[in-house]
Amino acid sequence: MRTDNRLTDGTPMRPLTCERCAARVLVRKSSWQQTSVQWDAPAVAACAERSTAGTAFGGCGALRETIREAALDGAIEVVDG
């Protein structure tokens, strides 16, 4: 995982755990349309959707929903909200 959380606007990535499989990633929502996610090896191994997608992985729907709910609840800040 990234240890230097400094970004140009000062908003760091935040840890978030997927509600479906408990994969823990770092997340930053720059806007409602843009989300940055950093995966580490344990998160990749834990993600149910990622493990079944192989090389065609286009994103995890369960994690996407977890991020959306966290943003709506205020647990993850939307920088340009």
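What counts as what
- Residues numbered from 1 in each chain as written.
- Predicted model: local features only at pLDDT ≥ 70, side-chain atom pairs only at ≥ 80, totals over all residues.
- Heavy atoms only, no water.
- Helix = DSSP H or I, 4+ residues; strand = E, 2+ residues; numbered from the N terminus.
- Buried < 20%, exposed > 50% of the residue type's maximum accessible area, 1.4 Å probe, protein only.
- Contact = heavy atoms within 4.5 Å.
- Areas by Shrake-Rupley, 256 points an atom, 1.4 Å probe, with all protein chains shown as cover.
- Pairing = 2+ DSSP bridges.
- Axes fitted to C-alpha atoms, helices over the stretch in contact; angles between N-to-C directions.
- Core = buried A, V, L, I, M, F, W, Y, C linked by side-chain atoms within 4.5 Å.

A. Focus on the overall build of the protein. Counting its regular elements, the protein contains three helices and three strands. Listing each helix as α and each strand as β along the protein from the N terminus yields β-β-β-α-α-α. Relative to its full complement of 81 residues, the protein shows a buried share of 31%. Considering only intrachain contacts with a sequence separation of at least 6, the fraction spanning at least 24 residues in the protein is 46%. For the protein, the accessible surface area stands at approximately 5,000 Å², while carbon and sulfur atoms represent 48% of it.

B. Up close: the sheet that holds strand β1 (residues 14–17). Read across the open sheet, the three strands follow the order β1-β2-β3; overall the sheet is antiparallel. The sheet terminates laterally at β1 and β3 (35–38), the two strands that pair on one side only. On average, each strand axis in the sheet is tilted by 40° relative to the strand beside it, whichever way the strands run. Sheet analysis places strand β2 (residues 24–29) next to β3, joined by four bridges and oriented antiparallel. Its bridge partner lying in β3, K29 is registered against T35.

C. Examining the nonpolar core more closely. Judged by nonpolar contacts, the single largest core of 14 residues is most densely connected at L16, V27 and L63. Contributing elements (two or more residues each) for this core: β2 and α3 (61–73). Tallying contributions element by element places α3 first for this core, with four residues. In contact with V27, not counting residues within four places along its chain, are P12, M13, R14, L16, T35, S36, I67 and I76.

Treat this as a map of the structure, not an account of what it does.
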